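Now for the letters of each chain:
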Amino acid sequence: MVTIRLTNSKTRKKEDFVPIDPENVRMYVCGPTVYDRAHLGNARPVVVFDMLFRLLRHVYGEGHVTYVRNFTDVDDKINAEALRRQKAGAPGTLEELIHERTEETIAWYHADMDALGALRPTVEPRATEFIAQMIAMTEGLIASGHAYAVEGHVLFRVRSYKDYGKLSGRSVDDMIAGARVEVAPFKEDPMDFVLWKPSSGEEPGWDSPWGRGRPGWHIECSAMAQELLGESFDIHGGGLDLQFPHHENEIAQSACAHPHGDFAHYWLHNEMLQVEGKKMSKSLGNFFTVRDLLDQGIPGEVIRFVLLMTHYRSPMDWTAEKAAEAQKTLMKWRKFVTGVKPSEADHRVIAALSDDLNTAGAIAVLHELAKSGDAPSLAASAHLLGLLTNKLGDWPTQDDFSEEVRALIKRLAQAWANYRDQKDWQRADQIRDALLGLGVRVTQKTAQHWEVRYENPDMISLAEREERVAALARLEALQ
RNA sequence: GGCGGGUUGGCGGAGAGGUUACGCAGCGGAUUGCAAAUCCGUGUAGACCGGUUCGAUUCCGGUACCCGCCUCCA
């Protein structure tokens, strides 16, 4: 069996991956807070850990991997949006509007991540479905002296856990020195963090021993991981920005609540994404969602490919140039594997992926397979990366055109062939270029036989396409 | 201020203590009415300084620059 090696943030070393139970390899990844569309930065961990999920399934068998990714559906931004809608006159109670908002955001998330070729995790728990477990865990922490209730809040006593800061490499004293936050007066220690907090009338809340309130963010993941994967499991993943404080707090809570478990054995963190060299932010104006890109006509597979071009532990930059390069490569490969029956994934691809998810290295092997003409292995290897699959079929094809437009294209292609036969290069080229603008390439195979190919050279949007079809019709009228 | 990551050829981007990464672009050629597509060939590197070594882009130390986290943004 292939040995997977992973860089464990806990030890800062690349280690052989040894599962607790090869029959059931268990992984938890922090999912989104469902208050709005996922942006491109959200997509990176999704694709990275989808890649790991696929590799684990390949090595241990499809039925032997449990992948949990949560939805955080308790959040101030969700409440704010629901409240805004209510004030704008939307019908229903605030709770119903909150539910509506999370439902719609989860549906968007699924649609967008499906478009990137990410497999759905085995379980996608919602925080609101595990409130009872969070309360129970919080009660346990109070009972064991690791937490305390004050003024409707429950706080975790950071000083009660000696290994606090180990994952992120910080000491509690350093953290206090650098703290820039105002400290709530009821905290015993500035570093203590919230396990439970009170809810006001218009906020969602659940009854608890400490009054009506809602859970803190960190306890959500601890409770759900424990409930669904057990006190000890194999892998915990997430973005590097979550390493502190979120993951640090998760470890502290879980270790104290379940002293016999050891929580996650391997911690994996993906580096952050940038856009054209800058951090993506609304103020810089370089902020966009996955849906924005899809709407621009960039196939989800292209986005996936770009995300896989860079190793997950390196910062990566999204640029239009990269997207164009990825698109070109995928178009070439797709043409090459059309109608080919996939064979086996190349061992070098598996070796690269097993070496701490070296997706860039795996892609290099894909290039070599394409160059050497091994289409069946290219197809199978690409499938392992979640590429060149039938599911990722959001590429333009002739089916995207209506019956009339297809007929129009056919007539123009015939006209092009005729002009060529007459050696009327000017008129032939005019038609050829107009068709090309629509992603349709006419090629001369022999003097008598010509063929039409549908491609997407510029990743044109639907609106643009309409305009170009109209231009074609005008061109035909001129013939 | 504290902690962490990065710096490879025009661009993207890996591995490896000594042998061609790979891709894109470029250049030359084949093909073509011209292009496109395709095919063949090809140049260009390792931020800086020092150390270890027969030999370092690869290991160690330092410097510079960039980035992230420390604020419930993945």
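Look above for the structure.
Residues numbered from 1 in each chain as written. Chains lettered and ligands numbered in written order. Predicted model: local features only at pLDDT ≥ 70, side-chain atom pairs only at ≥ 80, totals over all residues. Heavy atoms only, no water.

## Some words on the sheet that holds strand β12 (residues 278-279)
Point 1. The mixed open sheet is built from three strands, whose spatial order is β12-β11-β13. On the outer flanks of this sheet lie β12 and β13 (316-318), each paired with one strand and no other.
Point 2. Bridge count between strand β11 (residues 273-275) and β12: two bridges; the pairing is antiparallel. Note on β12: the bridge partner recorded for Val275 is Lys278. (Pairing = 2+ DSSP bridges. Helix = DSSP H or I, 4+ residues; strand = E, 2+ residues; numbered from the N terminus.)

## A word on the protein's contact with RNA strand B
Point 1. Neighbouring residues of RNA strand B: 43 residues in total, closest Lys197, Gly239, Leu242, Lys328 and Arg441.
Point 2. Near the protein, within 4 Å, the atoms of RNA strand B are sugar or phosphate in 57% of cases.
Point 3. Gly41 is positioned with one of its backbone polar atoms (N or O) 3.3 Å from a base nitrogen of RNA strand B.
Point 4. Between Glu325 and RNA strand B, the recorded distance is 3.4 Å, taken from a side-chain N or O atom to a base nitrogen.
Point 5. At the level of elements, α1 (40-60), α5 (172-178), β9 (232-239), β11, α10 (320-337), α12 (359-372) and α15 (425-437) are the ones that each hand at least two residues to the surface near RNA strand B.
Point 6. A class-by-class count of the residues in the surface near RNA strand B yields 11 nonpolar, 13 polar and 19 charged. (Near = heavy atom within 4 Å. Polar contact = N/O pair within 3.5 Å; in protein donor to acceptor, adjacent residues only side chain to side chain. Nonpolar A, V, L, I, M, F, W, Y, C, P; charged D, E, K, R; others polar.)

## With respect to the pairing of strand β1 (residues 5-8)
Point 1. Here four bridges tie β1 to strand β2 (residues 13-16), and the two strands are oriented antiparallel to one another. Across the sheet, Thr7 pairs through a bridge with Lys14, a residue of β2.
Point 2. The turn linking β1 back onto β2 is made up of four residues, and Arg12 within it adopts a positive phi angle of 60°.

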